[in-house]
Amino acid sequence: TTQKPIALQHGAHRIGRRTDADMEKWRAYGLGQFIHWGLYSIPAGEWNGKQYSGAAEWLKSWKEVSATAYDSLMYQFNPTKFNAESWAETAKQMGVKYVTITTKHHDGFCLWPSKYTNFTVANSPYKKDIIGPLVKAYDKRGIDVILYFSIMDWHNPDWRYDIKTREDSIAFDRFKQFTRNQLLELLTLYPTAKGLWFDGTWDKSWVKQAAFADSLEKEMRAMRPGLIIGSRFRADEYGKRHFDSNGNMMGDYEQGWERKIPEKIADVHGNDWDCVMTVPENQWGYSKVWKGHIKTTDELLEMLAKCVSLDGNFVLNFGPKPDGTLRTEELDLAKGIGEWMGINSEAIYNGEYAGLVKQDWGYYVKKTGTNKIYMLVFNVPVSGALNVVLPSRTAISKVYDLGNPGQNYAPEEIGTSAYFIHLKQQTFKRPFVIVLETADNS
Ligand code: FHN
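Residues numbered from 1 in each chain as written. Predicted model: local features only at pLDDT ≥ 70, side-chain atom pairs only at ≥ 80, totals over all residues. Heavy atoms only, no water.

## Section: empty space enclosed by the protein
Over the atoms rolls a probe the size of a water molecule, and its path tells where empty space is left. Throughout the structure, instances matching the rule amount to one cavity of 30 Å³ or more. By volume, the largest cavity is sized at about 50 Å³. Around the largest cavity, the lining comprises 13 residues; the ones closest to its centre are Gln283, Trp284, Trp290, Asn317 and Glu330. A per-class count over the lining of the largest cavity returns six nonpolar, five polar and two charged. (1 Å grid on protein atoms, 1.4 Å probe; cavity = no way out; pocket = protein on both sides within 12 Å on 5 of 7 lines; lining within 4 Å. Points joined across faces, edges and corners; volume = space filled by probe spheres on them. Nonpolar A, V, L, I, M, F, W, Y, C, P; charged D, E, K, R; others polar.)

In structure tokens form, the structure reads like this:
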């Protein structure tokens, strides 16, 4: 039974994917970088010699930490080794096509000199804007910038978790104006930024602002045509987030894939999406100790492959150190991913869900407008034979190794449009890509 949609004033603005050039470009990125940087990088998960068990960027919420002491970290923020060009160069070498940078995380500290609060870089010993040079350095290398912005703000006295009294409501009205001012300020100061990545939007106070958030979203979009905003920004008038009361996604892409990846194409409901991922366990800001399993280059590449094969982008988080440098582990991963991308990025950029039955060796990716299907191989069977089943009437015309174009394979037909690709017996050290060129056989 199909339920009749209910009339919504503040539901989804559109049903189905955006088809404009900005969104087409976003969809084709494949690989992105996330940067969580702020005051929390200074204590780095430790306070008075004690280790905080939560994520480093949540340290202020720990009962052991006083708000004043935390906010005074501003007077220690002095990343003398910060070099926007070198961050952007690392990202370029890694092969990322977009970066999402925390302009303001939940603690409320602004990495740009906002004129609506004193709690910014301008009043730190560093004094200078961080966001401007980053936007410039990434833009210069053709990497699109998305500005991360937390609505929840632990520094602003007008922030509320819920609105229960008239006083709350008056304070929160001021907070809404502050939020609007800051967002319009960001869009004005950084006109080349391609989108806004919202966070900290789950509390009741904000969830109740369907009308305000909807009109602010429209205002920002009118101000910046092409602007990309994900599904975390606003709730509908019934308090439904991400998907409105009729089940339609609000925003341009689904922002729910945090540290998790869909299993199958049906899980993404035809929507655009990206997955944001940490290297260790749930830690986004710089933390002295990296707990839990630390992902390896090949694991991250497999996540990237899986995302692209399911029509999503994969975004890897970096938590820079308080001096402005990137930690060695992250630099090594960026290098490893970059080396692989240097050979195989053709299978990532513009890659799409191929519509084929998944096989145990890895992930298929196709590219519209070409006759190529990419096999991103992570598990080679002992037999060395990779199973491929294509739609009927599709034949393979050529098979080769993307990293070694002279290396062609002769597929063995084992059934109608079913093949084995027999790999040469060898030890495989890294994941690799095999390209199938297809021909219509009807
Ligand atoms: O609470 C934050 C967290 O610190 C981090 O910024 C992540 C990144 O997606 N977002 C929030 C949790 O959803």
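## Some thoughts on the domain arrangement of the protein
Looking at the assigned domains, one finds that the protein contains domain 1 (21-347) and domain 2 (362-440). For domain 1 versus domain 2, the separation of C-alpha centres amounts to 37 Å. Taken together, the contact pairs 14 residues of domain 1 with 15 residues of domain 2. Buried surface at the junction of domain 1 and domain 2, summed over both partners, amounts to about 1400 Å²; 58% is from carbon and sulfur atoms. Sorting the residues of domain 1 by area buried against domain 2 places Trp340, Glu346 and Ala347 first, and these three jointly supply 41% of that buried surface. There are two salt bridges connecting domain 1 and domain 2. A salt bridge links Glu346 to Lys372; the shortest N-O distance between them is 3.5 Å. Taken together, the links from domain 1 to domain 2 amount to six residue pairs in polar contact (both at pLDDT 80 or more). Sorting the residues of the side of domain 1 that touches domain 2 by element identifies α8 (297-309) and α9 (328-344) as the ones contributing at least two each. Take the side of domain 1 that touches domain 2: its biggest share by element is eight residues, from α8. Here the residues of the side of domain 1 that touches domain 2 sort into six nonpolar, four polar and four charged. (Domains from an automatic or database assignment. Contact = heavy atoms within 4.5 Å. Buried area = accessible area lost by both parts, 1.4 Å probe. Salt bridge = Lys/Arg side-chain N within 4 Å of Asp/Glu carboxyl O. Polar contact = N/O pair within 3.5 Å; in protein donor to acceptor, adjacent residues only side chain to side chain. Helix = DSSP H or I, 4+ residues; strand = E, 2+ residues; numbered from the N terminus.)

## Observations concerning the packing of aromatic side chains
Going through the model one piece at a time under the given rule, you end up with 29 aromatic pairs. Centre to centre, the rings of Tyr29 and Tyr98 are 4.4 Å apart; their planes meet at 20°, and the pair counts as stacked. Linking Tyr29 in the loop between α1 (21-28) and β1 (31-35) with Tyr98 in strand β4 (residues 98-104), this pair joins segments that are 69 residues apart in sequence. Across the pair, exposure class does not vary: Tyr29 and Tyr98 are buried alike. Among the aromatic residues, ring-to-ring pairing joins Trp37, Phe77, Phe82, Trp87, Phe109, Phe119 and Tyr126 into one connected group. (Phe/Tyr/Trp six-rings, centres within 6.5 Å; stacked < 30°, edge-to-face > 60°. Buried < 20%, exposed > 50% of the residue type's maximum accessible area, 1.4 Å probe, protein only.)

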